[in-house]
Amino acid sequence: MINDNYINNLPESPGVYRFRDCDNNIIYIGKAKNLKERVRSYVREGKKDVKTERLVENIDHVDFVLTNSEKEAFLLENNLIKEHTPKYNINLKDNKTYISLKLTIRDQYPALFLTRKIVADGSLYFGPYPHAKEVKDVLKVIESLYPIRKCKDTVFRKRKRVCMLYELGKCLGPCAKEVDQITYGEIIEELRDFLLGKDEKLLRDIKQRISKAVSTWNFEEAQMLKERYTAIKSMVEKQHVHEHLGKNRDVWAFAEDEKRLLIVLLIFRRGVLISRQHFKEPFFSDTPGETITTFLFQYYSAHPIPDEIILSEEIEDMDYLEKHLEESRKGTLRIMGPKHRSSQDMVRLAIENLHETEPIALDEAFRRALHLKTNPLRIEVYDISHIQGKNPTGVMVVFEEFKPSKKAYRVFHIRGASTMDDVAMISEVLKRRVNDPTLGPLPDLFIIDGGKGQLAATKRVLKENIIDKDIVSIAKSEQRKSMEDLIYLPNRKNPLPLSKASPVFKEIVKMRDEAHRFAVFSHRRWKTREDLTLNK
């Protein structure tokens with residue numbers, strides 16, 4: 001354990017400190033504007049969170065490296081973390097790179113391939129693309145427009161005759177010298193312009209070639225070029241629409257729990273949200289901002305750097321990070337915190353996504369979404385079925401831990417209530433249920449198939465019998481055009497605004513459908529039995 005005497009001898013200069021354990025292993029690396037004050041903050045008396053206490057308990061001694069500036073300390077810290085991967089530093093595991101297109105222009109007959117590895121071999125690389133599907137769609141369009149070779153170099157060198165792609169018109173057969181190098185090179189140049197986004201030049205050149213082909217009565221080539229022109233123009237126009245919507249932007253949201261940093265990333269390209277990624281990273285620093293900086297440095301060492309980066313948290317090293325990423329990107333970059341006016345909506349969206357990253361048990365999700373008193377482990381669903389008041393049947397369908405308990409299902413033949421009054425019938429069913437102990441324990445949650453009237457009736461029955469249990473109801477919208485399902489809660493005027501894609505909403509609908517199925521089945525069985533009795 002490091003003592004005060006040692007700390008007092010530390011310099012008050014910028015640098016990087018390295019905590020080591022009793023075996024001299026580096027367990028944590030950090031940077032500081034003032035090394036003495038930063039190290040002292042770890043051993044200062046006072047309440048610390050569990051993760052920081054765990055780190056401090058394992059520190060045996062500390063060494064440091066002085067730097068000329070905070071920027072140097074920032075870069076050195078991240079390089080040392082990458083080299084030593086200390087136990088208590090954040091260490092991003094997701095180092096995969098995005099997929100790119102590789103055009104081997106140095107080959108005699110170049111080809112276009114997918115790759116995740118970019119090397120200095122003279123080839124041209126296009127991308128990177130966040131999704132493999134996106135780049136495969138681009139490649140599919142290219143293959144339909146440009147008949148270049150598709151076989152790998154190892155296969156191409158050994159091939160002596162053309163393959164089926166040549167017969168289908170999808171390859172010019174350079175392997176068997178069916179096309180000269182100049183003609184093939186012209187196609188590669190056109191493909192290169194296409195991938196580089198030189199839209200106007202490319203379309204102008206194709207238009208000129210169409211006119212030339214028509215003037216020489218080469219109508220087959222003119223038709224082929226026209227189809228290519230139309231396809232490229234359509235694709236270019238679609239891209240331009242996206243470009244008008246906004247910049248390439250990464251939006252980050254961060255949240256801290258006891259042991260981990262919870263992170264969500266929203267990736268916007270040309271203003272379009274194309275991806276959402278989640279990260280859960282252990283961290284032990286007592287300053288989350290320091291951990292965030294380290295994480296972002298590691299992430300952008302292996303991923304594309306956009307035009308803008310928006311963060312849900314302010315970090316001290318934002319300027320240094322911005323300058324470093326600009327140098328890596330070789331272009332301008334803007335990093336904005338949550339207080340920036342133009343970033344607030346984006347930050348709010350990312351935070352909403354962050355709250356969805358942690359999967360929770362369905363009973364807990366029910367409690368939160370429906371504002372219940374307890375987590376519902378036993379749920380009973382009630383439905384009424386009849387045809388113009390004849391053979392009215394009420395049913396109780398039971399779910400225990402969200403699985404149907406069919407042995408506990410019950411049928412109630414309506415006898416006392418008006419058979420044209422759904423509210424009165426649901427009241428009769430519930431009164432009979434709560435006063436019959438043989439039907440099992442009362443549920444944690446009553447779900448009623450019906451609107452506000454049925455919900456109010458259920459609340460009244462429970463109150464009369466001094467039963468304090470949660471109730472919700474589900475009913476179809478009164479607007480026949482939409483016919484959407486709506487969730488109602490007691491003491492709430494409007495339906496609960498629950499997302500139709502949420503697990504809670506889907507589960508309630510599934511339960512209601514099961515109750516409806518059982519009610520219709522029971523009603524038909526009773527009606528059939530009565531019909532047979534009357535016909536005897």
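**Q** What is the right way to read the overall build of the protein from this model?
**A** Assigned secondary structure in the protein consists of 17 helices and 18 strands. A burial count over the protein gives 45% of its 536 residues as buried. The long-range fraction of contacts in the protein, counting pairs at least 24 apart against all pairs at least 6 apart in sequence, stands at 60%. For the protein, the accessible area works out to roughly 29,900 Å², and carbon and sulfur atoms hold 50% of it.

**Q** Please explain helix 15 (residues 422–434) as it appears in this structure.
**A** Three or four residues apart is the spacing at which side chains of an α-helix point the same way, because the helix has 3.6 residues per turn. For helix 15, spanning 13 residues, the distance from its first C-alpha to its last is 18 Å, which sits close to the expected 18 Å at 1.5 Å a residue. Along helix 15, the residues classified as buried are M425, I426, S427, E428, V429, L430, R433 and V434. Buried residues along helix 15 sit in contact with strand 12 (378–387), strand 13 (390–400), strand 15 (410–413), strand 16 (445–449) and helix 16 (452–464). Between the side-chain oxygen at the start of helix 15 and the backbone nitrogen of V423 there is a gap of 3.1 Å, and the oxygen is on D421.

**Q** For this particular structure, what's the right way to read the sheet that holds strand 3 (residues 61–66)?
**A** Backbone hydrogen bonds are what pair the strands of a sheet, in a parallel or an antiparallel way. Taken in spatial order, the three strands line up as 2-1-3 in an open sheet, and their pairing is antiparallel. Two strands bound the open sheet, and with one partner strand each, they are strand 2 (26–32) and strand 3. Sheet twist, expressed as the mean angle between neighbouring strand axes with direction ignored, is 20°. Bridge count for strand 1 (residues 15–20) against strand 3 is six bridges, and the pairing is antiparallel. Considered in strand 3, the bridge of R18 is made with D63. Packing against the sheet, helix 2 (residues 35–43) makes contact with strand 1, strand 2 and strand 3, and its axis sits at approximately 30° to strand 1.

**Q** Quick question: what am I supposed to make of the environment of I263 here?
**A** Examined against the element boundaries, I263 turns out to sit in strand 8 (residues 260–269). When its relative accessible area of 1% is taken as the criterion, I263 is described as buried. I263 has contacts with W252, A253, F254, Q277, H278, F279, E281, F295 and L354, leaving out every residue within four places of it along the chain.

**Q** Sorry, what's going on with unusual backbone geometry here?
**A** Most peptide bonds are trans, and most residues other than glycine sit at a negative phi. Phi is positive for N24, which is not a glycine, with a value near 70°. Mapped onto the fold, N24 is located in the loop between strand 1 and strand 2. Look at N24 and you get partly exposed, because its relative accessible area is 41%. Despite not being glycine, H371 shows a phi value in the positive range, around 60°. Along the polypeptide, H371 turns up in the loop between helix 14 (362–370) and strand 12.

**Q** What am I meant to see in the packing of helix 4 (residues 70–84) against helix 12 (residues 318–329) here?
**A** Angle between the axes and distance between the axes: these two values describe a pair of packed helices. Direction vectors running N to C along helix 4 and helix 12 enclose 65°, while the axes themselves pass 10 Å from each other. In terms of orientation, helix 4 and helix 12 fall into the roughly perpendicular class. Considering the relative orientation of helix 4 and helix 12, their crossing is right-handed. Note on element contacts: helix 12 touches helix 4 through Y320, L321, H324 and E327, opposite E70, K71, F74 and L75. Looking at the contact of helix 4 with helix 12 residue by residue, the class counts come to four nonpolar, one polar and three charged.

**Q** Looking at this model, I keep getting lost on the confidence of the model for the protein. Mind explaining?
**A** In low-pLDDT regions, the fine details of the predicted coordinates are not to be read closely. Mean pLDDT over the protein: 80, with 83% of residues reaching 70 or higher. Mean pLDDT values for the elements of the protein range from 64 in helix 10 (residues 219–245) up to 95 in strand 16. Contacts of residues 238–245 to residues separated by more than four positions or lying in other chains number nine contacts, the stretch itself having pLDDT below 50.

**Q** Is there a simple way to think about the pairing of strand 4 (residues 99–103) in this case?
**A** Working note: regular strand, side chains alternate between the two faces of the sheet. When you tally the buried positions in strand 4, you get five out of five residues, the bulk of the element. Here strand 4 shows no split at all, with I99, L101 and L103 on one side and S100 and K102 on the other all buried. Two elements, strand 4 and strand 5 (residues 112–115), share four bridges in a ladder whose sense is antiparallel. Bridging from a neighbouring strand, L101 pairs with L114 of strand 5.

**Q** Honestly, the packing of helix 15 against helix 16 in this entry has me stumped. Any pointers?
**A** Viewed as axis vectors pointing N to C, helix 15 and helix 16 meet at an angle of 30°, and their least axial separation amounts to 9 Å. It follows that helix 15 is roughly parallel to helix 16 by the angle criterion. Crossing angle aside, the handedness with which helix 15 passes helix 16 is right-handed. Contact with helix 15, carried on its side by D422, V423, I426, S427, L430, K431 and V434, involves G453, Q454, A457, T458, V461, L462 and E464 of helix 16 and no other residues of that element. Here the contact of helix 15 with helix 16 is composed, by residue class, of seven nonpolar, four polar and three charged.

**Q** I would appreciate a short explanation of the pattern of salt bridges in the present structure.
**A** In a structure, side chains of opposite charge can pair up when their charged atoms sit close to one another. Applying the stated criterion across every chain, the model contains 24 salt bridges. The partner of D63 in a salt bridge is R18, and the shortest N-O contact between them spans 2.9 Å. With D63 in strand 3 and R18 in strand 1, the pair connects residues that are 45 residues apart, well separated along the chain. Where E380 meets R378, a salt bridge forms, and the shortest distance between an N and an O atom there is 3.0 Å.

The rules behind these values
Residues numbered from 1 in each chain as written. Predicted model: local features only at pLDDT ≥ 70, side-chain atom pairs only at ≥ 80, totals over all residues. Heavy atoms only, no water. Helix = DSSP H or I, 4+ residues; strand = E, 2+ residues; numbered from the N terminus. Buried < 20%, exposed > 50% of the residue type's maximum accessible area, 1.4 Å probe, protein only. Contact = heavy atoms within 4.5 Å. Areas by Shrake-Rupley, 256 points an atom, 1.4 Å probe, with all protein chains shown as cover. Expected span 1.5 Å × (residues − 1). Polar contact = N/O pair within 3.5 Å; in protein donor to acceptor, adjacent residues only side chain to side chain. Pairing = 2+ DSSP bridges. Axes fitted to C-alpha atoms, helices over the stretch in contact; angles between N-to-C directions. Parallel < 35°, antiparallel > 145°, perpendicular 65-115°, else oblique. Left-handed = near helix turned anticlockwise from the far one by under 90°. Nonpolar A, V, L, I, M, F, W, Y, C, P; charged D, E, K, R; others polar. pLDDT = per-residue confidence, 0-100. Salt bridge = Lys/Arg side-chain N within 4 Å of Asp/Glu carboxyl O.

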